[in-house]
Every structure is written in structure tokens, then in C-alpha cells.
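Tertiary structure, described
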Amino acid sequence: MRIAHIGIAVKNAEVALQLYRDLGLEPDHTEVVESQKVKTVHIPIGDSSIELLESTSPEGVIARFIEKRGEGIHHIAIEVPNIEESLTRLKEEGYRLIDETPRRGAGNMLIAFIHPKSTNGVLLELCQRAD
Ligand code: ZN
């Protein structure tokens, strides 16, 4: 397993990207996830990446997050070998799941979120390559 990425909620991904460019990093992938009303900018760093999250609508989850808490870390994504198995195990242990079954996220990944009430306040995303 590994930290797949750290998702950061930003008002403007192009503006936020400058910091990473100034550090010598470049994004390799930008994608709009229509179902989440979010534009993601994926910046690889070693074995993981930073995922900038910009809302494409004032009603989107990222827009609402920024309204409530300001820009900042939105979630941490852990890549697991078998996402279904991980979800089943966490559910059995009584963790609160936002997604009971995996759905399609950015970068051809299956993803599922665990509720921050079950994870010490940090929204946790599990992911697995969909290939
Ligand atoms: Zn993510």
C-alpha cells in the first residue's frame, strides 16, 4: 500500500499550481470529474502525488468545503490492493462509510470515501487501480 495522493481544496488550481512549479514539479494530468463537480490537477511527487481540487460549480462538494473551512487539505488517499475487501472489513468493524461500494474517480481509479467521523477528522479515500 502507499499514500496515493493528498487532495487539496483550492479556489483556483492554475494559481495554486504555481507553488509546485516553483518547486520544480509539473502536473501530468488534469481531469474534470463531472459527478463530483470537480477539476483535478495531478502533480506526481515520487511514489505519490498532490491532487489539486477546484470546484466546477458553486454547489460542488469542494466549493462547500472551502466555504466552511477555507482552502486546505481535503483528503488523504491510500491505495489498497483490494478496495471491496477493505470496505467490507471496515464496515464490519463499525466504521462509517460514505461509499459502501467503490465508484469511478479521476485517473482510472476505483475510489471510496470513509467518513471523517470515523477517521479522526481527516477524510480518507481508499483507491485501487481500475485496470
Ligand atoms: Zn482523491
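Please refer to the structure placed before this passage.
All values reported here derive from a predicted model rather than from experimental measurement. Note on numbering: residues in each chain are counted from 1, in written sequence order. Residues qualify for local features only when their pLDDT is at least 70, as the model is predicted, and side-chain atom pairs are given and counted only at 80 or more; totals for whole chains, interfaces and linings, by contrast, use all residues. Values reported for side chains reflect all heavy atoms of the structure, with hydrogen atoms and water molecules removed beforehand.

**Comments concerning the side chain of His-75**
Helix numbers and strand numbers start at the N terminus; a helix is a DSSP run of H or I with at least 4 residues, a strand a run of E with at least 2. Tracing the sequence through the fold places His-75 in strand β5 (residues 72-79). Pairing of N or O atoms within 3.5 Å defines a polar contact, subject to two protein rules: one partner must be a possible hydrogen donor and the other a possible acceptor, and residues neighboring in sequence count only if both atoms are side-chain atoms. A polar contact of 3.4 Å, which involves the side chain of His-75, links it to the side chain of Glu-51.

**Re a positive patch on the surface**
Patch membership requires over 30% relative accessible area and the absence of a salt bridge. Like charges are linked within 9 Å, and nonpolar side chains (Val, Leu, Ile, Met, Phe, Trp, Tyr) within 5 Å. Only the protein chains shown count as cover for residues, with accessible areas throughout obtained via the Shrake-Rupley method and a probe of 1.4 Å. By definition, a salt bridge exists where a carboxyl oxygen of Asp or Glu is found within 4 Å of a side-chain nitrogen of Lys or Arg. Within this scheme the basic residues Lys and Arg register as positive and the acidic residues Asp and Glu register as negative, but His and the chain ends are omitted. The atom standing in for a charge is NZ when the residue is Lys, CZ when it is Arg, CG when it is Asp and CD when it is Glu. Judged by side-chain charge, Lys-37, Arg-64, Lys-68, Arg-69, Arg-96 and Lys-117 come together as a positively charged surface patch. Here Arg-69 lies in helix α2 (residues 61-69).

**Digging into the coordination of the zinc ion**
A donor here means any N, O or S atom no more than 2.8 Å from the metal (3.2 Å for Na, K and Ca); water is not included, so a site may seem to lack partners. Taken together, the protein ligands of the zinc ion are His-5 (NE2), Glu-51 (OE), His-75 (NE2) and Glu-125 (OE), with distances of 2.0 to 2.6 Å. Square planar and octahedral assignments, for four and six donors respectively, both demand that opposite donors be over 155 degrees apart and that all other angles lie between 65 and 115; tetrahedral needs four donors with all angles between 85 and 135 degrees, and anything else is irregular. Each of the four donor atoms around the zinc ion contributes to a set of angles spanning 83 to 167°, which defines the coordination as irregular. Counting gaps between the donor residues of the zinc ion yields the pattern H-x45-E-x23-H-x49-E. With a gap of 46 residues between them, His-5 in strand β1 (residues 2-10) and Glu-51 in strand β4 (residues 48-55) connect regions that are remote in the sequence. Burial classification: accessible surface area is computed with a 1.4 Å probe over protein chains only, and a residue below 20% of its type maximum counts as buried, one above 50% as exposed, and the rest as partly exposed. Taking the relative accessible area as the measure of exposure, Glu-51 reaches 8% and is therefore buried.

**Details of the pattern of salt bridges**
Between side chains of opposite charge, a pair can form when the charged atoms approach closely. Enumeration over the complete set of coordinates arrives at six salt bridges. Between Glu-79 and Arg-129 there is a salt bridge; the shortest N-O distance is 3.5 Å. Of the two residues, Glu-79 is situated in strand β5 and Arg-129 in strand β8 (residues 124-129); the sequence distance between them amounts to 50 residues. What makes Glu-79 buried here is its relative accessible area of 14%. Look at Arg-129 and you get partly exposed, because its relative accessible area is 44%. Put simply, Asp-99 and Arg-103 hold a salt bridge, and the shortest N to O gap is 2.9 Å.

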